Amino acid sequence: DQQVKQNSPSLSVQEGRISILNCDYTNSMFDYFLWYKKYPAEGPTFLISISSIKDKNEDGRFTVFLNKSAKHLSLHIVPSQPGDSAVYFCAAHGYNNNDMRFGAGTRLTVKP
Amino acid sequence: NAGVTQTPKFRVLKTGQSMTLLCAQDMNHEYMYWYRQDPGMGLRLIHYSVGEGTTAKGEVPDGYNVSRLKKQNFLLGLESAAPSQTSVYFCASGNNEQFFGPGTRLTVL
């Protein structure tokens, strides 16, 4: 069962515009959420995270929003840059953070 | 400071052969993990370790074994490889924030 879902396999945006990547989850025990970025032939790298006690976390151009009632989170990138082109994975875990579940990923392409 | 390293980077096996993937980290992390990534499925946890000498099963452990004899190393073994184990394997270490290695692309014919 896929407990973390990224329903958009790909997203294309123009440089300078906003990129919004979405993620839904089904397990109400998840209390920590992360976004990872992955370039081809490399391992995923941590981007930003949010605890369930917050609804927003900002780090430079990246902001993650959490809507617990809807079991939904989103990653906003403003402004988008060509170097942001990568696959973005949403991940989540509960108190036992050894059992992190990942979404299938969204491939973001930022066009110059 | 190399972070998390994995060897080998690529490997082709025939069905029934065995192999060991090595993961090493120099960040003194207690927690280490092995994931596999398949198209359309994200990363799935195979096994993990919460410290030297400990291992535990993840989401998809069947067909794999692991060992953590030293804190900095986490080995993933395939005793009898099957085509269904064709995948990209990632090792990671850390707690809330996991640091990933570059991956091993394994093909089982």
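Preceding this paragraph is the structure being described.
So, a few notes on the structure that sits alongside this text.

**Side note on the sheet that holds strand 8 (residues 73-78) of chain B**
Within a sheet, each strand pairs with its neighbour through backbone hydrogen bonds, oriented either parallel or antiparallel. Residue and element names in this part refer to chain B. Strands sit in the order 1-3-8-7 across an open sheet of four strands; the sheet is antiparallel. Among the strands making up the open sheet, the edge pair consists of strand 1 (4-7) and strand 7 (65-67). On average, adjacent strands in this sheet sit at an angle of 20° to one another, irrespective of strand direction. With four bridges connecting them, strand 1 and strand 3 (residues 19-25) associate as antiparallel partners. By the bridge assignment, V4 is partnered in strand 3 with Q25.

**So, the sheet that holds strand 7 (residues 62-67) of chain A**
All names here are of chain A. The strand order 1-3-8-7-6 describes an open sheet built from five strands, whose pairing is antiparallel. The sheet is open, and its two borders are formed by strand 1 (4-5) and strand 6 (56-59), each paired with just one other strand. Where strand 7 lies against strand 8 (residues 72-77), six bridges are found, and the strand directions are antiparallel. Following the sheet pairing, F65 is matched in strand 8 by S74.

**Quick notes on the interface of chain A and chain B**
Listed as interface residues are 20 residues of chain A and, on the opposing side, 20 residues of chain B. Of the roughly 1,600 Å² buried at the junction of chain A and chain B (both faces included), carbon and sulfur atoms supply 52%. Inspection of the region where chain A meets chain B yields one salt bridge. Remark: the boundary between chain A and chain B carries two residue pairs in polar contact (both at pLDDT 80 or more).

**Notes on the nonpolar core**
Residue and element names in this part refer to chain A. Formed by 23 residues in total, the largest nonpolar core has its most connected members in F33, W35, L73, L75 and Y88. Counting only elements with at least two residues in this core, the list comes to strand 3 (19-25), strand 4 (32-38), strand 5 (45-51), strand 7, strand 8, strand 9 (86-93) and strand 11 (106-111). Leave out the neighbours within four places in its chain, and Y88 touches Q6, L21, W35, Y36, K37, L47, L75, I77, G105, T106 and L108.

**Some details on the layout of surface pockets**
Which parts of space are left empty comes out when a probe the size of a water molecule is rolled across the atoms. By volume, the largest pocket amounts to about 610 Å³. In terms of lining residues, the largest pocket is bounded by 29 residues, among which K38 of chain A together with Q37, V88, F90 and R105 of chain B are the most central. In terms of residue count, the dominant contributor to the lining of the largest pocket is strand 11 (residues 104-108) of chain B (four residues). Among the residues forming the lining of the largest pocket, the class breakdown is 14 nonpolar, nine polar and six charged.

**A closer look at the state of the cysteines**
All names here are of chain A. In the structure shown here, the tally under the stated rule is two disulfides over all chains. In this model C23 forms its disulfide with C90; the gap between the sulfur atoms is 2.0 Å. Here C23 and C90 share a disulfide; its torsion about the S-S bond, -75°, makes the bridge left-handed. Residue C23 is located in strand 3, and its partner C90 is located in strand 9; the two are separated by 67 residues in the primary sequence.

**What to know about unusual backbone geometry**
For the bond from V78 of chain A to P79 of chain A, the omega torsion is -15°, close enough to zero to count as cis. Here P79 of chain A shows up in the loop between strand 8 and strand 9. Cis rather than trans, the peptide bond between T7 of chain B and P8 of chain B has omega equal to -5°. Following the sequence through the fold, P8 of chain B ends up in the loop between strand 1 and strand 2 (10-13). In the Ramachandran plot, A41 of chain A falls in the positive-phi region, its phi being about 65° despite a non-glycine side chain. Here A41 of chain A lies in the loop between strand 4 and strand 5. Unusually for a residue other than glycine, K71 of chain A sits at a positive phi of about 50°. Looking at the element boundaries, K71 of chain A is found in the loop between strand 7 and strand 8. Accessibility expressed as a relative area gives 26% for K71 of chain A, which makes it partly exposed.

Each value, and the rule that gives it
- Residues numbered from 1 in each chain as written.
- Chains lettered and ligands numbered in written order.
- Predicted model: local features only at pLDDT ≥ 70, side-chain atom pairs only at ≥ 80, totals over all residues.
- Heavy atoms only, no water.
- Pairing = 2+ DSSP bridges.
- Helix = DSSP H or I, 4+ residues; strand = E, 2+ residues; numbered from the N terminus.
- Axes fitted to C-alpha atoms, helices over the stretch in contact; angles between N-to-C directions.
- Contact = heavy atoms within 4.5 Å.
- Buried area = accessible area lost by both parts, 1.4 Å probe.
- Salt bridge = Lys/Arg side-chain N within 4 Å of Asp/Glu carboxyl O.
- Polar contact = N/O pair within 3.5 Å; in protein donor to acceptor, adjacent residues only side chain to side chain.
- Core = buried A, V, L, I, M, F, W, Y, C linked by side-chain atoms within 4.5 Å.
- Buried < 20%, exposed > 50% of the residue type's maximum accessible area, 1.4 Å probe, protein only.
- 1 Å grid on protein atoms, 1.4 Å probe; cavity = no way out; pocket = protein on both sides within 12 Å on 5 of 7 lines; lining within 4 Å.
- Points joined across faces, edges and corners; volume = space filled by probe spheres on them.
- Nonpolar A, V, L, I, M, F, W, Y, C, P; charged D, E, K, R; others polar.
- Disulfide = S-S within 2.5 Å.

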